[in-house]
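Remarks on the overall topology
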Amino acid sequence: MAAAKRISDEPAFVLHSYDWSESSLILEAFCRRQGRVALVAKGAKKPSSNFRPVLLPLQPLLVTYTLTGDGSADIHTLKGAEWVGGHVMPTGDALLSGMYLNELLLRLLARADPHVALFDAYAGVVRVLASEHGDALEPVLRSFELLLLREIGLLPGLDAQTMTLEPLGASVRYTLVPEGGLRAASPADRAGLLGSQWQALQSALDDAASYTATLRACAPVAAELKPQLRTLLQYHCGSPTLRTRQLMIDLQAL
């Protein structure tokens, strides 16, 4: 029988947790070097458990767990979890926004597929959500959506028309659609950006410091980007409205 391999002090965030037994939890975690992994936290629901106050979403952790056999099992055993600290739990709209991003990661990331740059961007977003974010919330969300789509290969190039590969006209409006990519906007399209704005977004994504550059590029166009990226993400999630998105809609209707 193969010895268990140990993953130690791995930077991670809890994306979601659900009951496994009367006393234990199954965690969906996003790890920096290991990607998305499922972990069983035995006894985590017991009042005396050291896990109980630590295994919270949107909190930076260092986790230690074991992979049994060749590591191909779907669920691994959590051995330790330490809160790294640095910020408090987001509240209000910021908390809902964080849960929305967690749902996107759960839906779109394959298990055991590392995305170091995306993890670092997510950690940056969480820090903003936990701060006095002010007007930064919308640009932060749009920039992460772009980085996520690009990282998993679902974002077309933003510096040319997708179907024809023709270069963009700087003063021509284009819209991003699920099945056609980036194309010239028609009068019926409610949302679109100028070619120069799409090109600026592509340059930001290609920047060595893509998170900071993309955040800066998203700031002036966040409102126009929002419906286009939401439609694209919904399409690739392949399901009805995301649970967190529906919750936001319901709360706004109260």
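Quick note: structure is the one above.
Before going further, it helps to spend a moment on the sheet that holds strand S7 (residues 181-184). Hydrogen bonds along the backbone pair up the strands of a sheet, which may run parallel or antiparallel. The 3 strands are arranged S7-S6-S8 in an open sheet whose pairing can be described as antiparallel. Unpaired on one side and paired on the other, S7 and strand S8 (193-194) mark the two borders of the sheet. Bridging between strand S6 (residues 173-177) and S8 involves 2 bridges; their strand directions are antiparallel. Counterpart to Arg 173 in the pairing with S8 is Leu 194.

The next thing to look at is helix H1 (residues 92-108). If you check H1, its first and last C-alpha atoms are 25 Å apart, about what 17 residues at 1.5 Å a residue would give, namely 24 Å. Turning to H1, its buried residues number three or more, namely Ala 94, Leu 96, Ser 97, Gly 98, Tyr 100, Leu 101, Asn 102, Glu 103, Leu 104, Leu 105 and Leu 108.

What follows concerns the side chain of Arg 36. When you line up the elements, Arg 36 lands in strand S3 (residues 35-41). In terms of polar contacts, Arg 36 uses its side chain to reach the side chain of Glu 28, at 2.9 Å. When sequence neighbours within four positions are dropped, the list of residues in contact with Arg 36 reads Leu 15, Glu 28, Ala 29, Phe 30, Leu 105, Leu 106, Leu 109, Ala 110, Arg 111 and Ala 112.

So, about the pairing of strand S2 (residues 25-31). Every regular strand shows the same layout, with side chains that alternate between the two sheet faces. With respect to burial, S2 is a largely interior element, 7 of its 7 residues being buried. Side-chain alternation along S2 places Leu 25, Leu 27, Ala 29 and Cys 31 on one buried face and Ile 26, Glu 28 and Phe 30 on a second face that is also buried. The pairing of strand S1 (residues 5-19) with S2 spans 7 bridges and is antiparallel. Across the sheet, the residue bridging to Ser 17 is Leu 27, located in S2. Between the antiparallel neighbours S1 and S2 lie 5 residues. Inspection of the sheet shows S2 paired to S3 by 7 bridges, in the antiparallel sense. Bridge pairing in S3 links Ile 26 to Val 40. Adjacent in sequence and paired antiparallel, S2 and S3 are bridged by 3 residues.

If you check helix H6 (residues 222-237), its first and last C-alpha atoms are 21 Å apart, about what 16 residues at 1.5 Å a residue would give, namely 22 Å. Turning to H6, its buried residues are Ala 222, Leu 225, Gln 228, Leu 229, Arg 230, Leu 232, Leu 233 and Cys 237. Looking one or two residues past H6, Gly 238 carries a phi angle of roughly 60°, positive in sign.

Scanning all chains against the criterion turns up 11 salt bridges. Here Glu 10 ties to Arg 33 by a salt bridge, and the two come within 2.9 Å at their closest N and O atoms. With Glu 10 in strand S1 and Arg 33 in the loop between S2 and S3, the pair connects residues that are 23 residues apart, well separated along the chain. Given the relative accessible area of 1%, Glu 10 is considered buried. On the accessibility criterion, Arg 33 (42% relative accessible area) is partly exposed. For Lys 226, the salt bridge goes to Glu 138, with nearest N and O atoms at 3.8 Å. Linking Lys 226 in helix H6 with Glu 138 in helix H3 (residues 137-151), this pair joins segments that are 88 residues apart in sequence. The class of Glu 138 is partly exposed, set by a relative accessible area of 32%.

With that settled, consider the sheet that holds S1. If you walk around this closed barrel you meet the 5 strands as S1-S2-S3-S5-S4, and the pairing is mixed. Across this sheet, the average inter-strand angle for adjacent strands is 55°, counted without regard to direction. With 6 bridges joining them, S1 and strand S4 (residues 61-67) adopt antiparallel strand pairing. Its bridge partner being in S4, Lys 5 is matched across the sheet by Leu 67. Here H1 sits on the sheet in contact with S1, S2 and S3, set at roughly 110° to S1. Packed on one face of the sheet, helix H2 (residues 116-129) meets S1 and S2 and runs near 55° to S1.

Cut-offs and rules
- Residues numbered from 1 in each chain as written.
- Predicted model: local features only at pLDDT ≥ 70, side-chain atom pairs only at ≥ 80, totals over all residues.
- Heavy atoms only, no water.
- Pairing = 2+ DSSP bridges.
- Helix = DSSP H or I, 4+ residues; strand = E, 2+ residues; numbered from the N terminus.
- Expected span 1.5 Å × (residues − 1).
- Buried < 20%, exposed > 50% of the residue type's maximum accessible area, 1.4 Å probe, protein only.
- Polar contact = N/O pair within 3.5 Å; in protein donor to acceptor, adjacent residues only side chain to side chain.
- Contact = heavy atoms within 4.5 Å.
- Salt bridge = Lys/Arg side-chain N within 4 Å of Asp/Glu carboxyl O.
- Axes fitted to C-alpha atoms, helices over the stretch in contact; angles between N-to-C directions.

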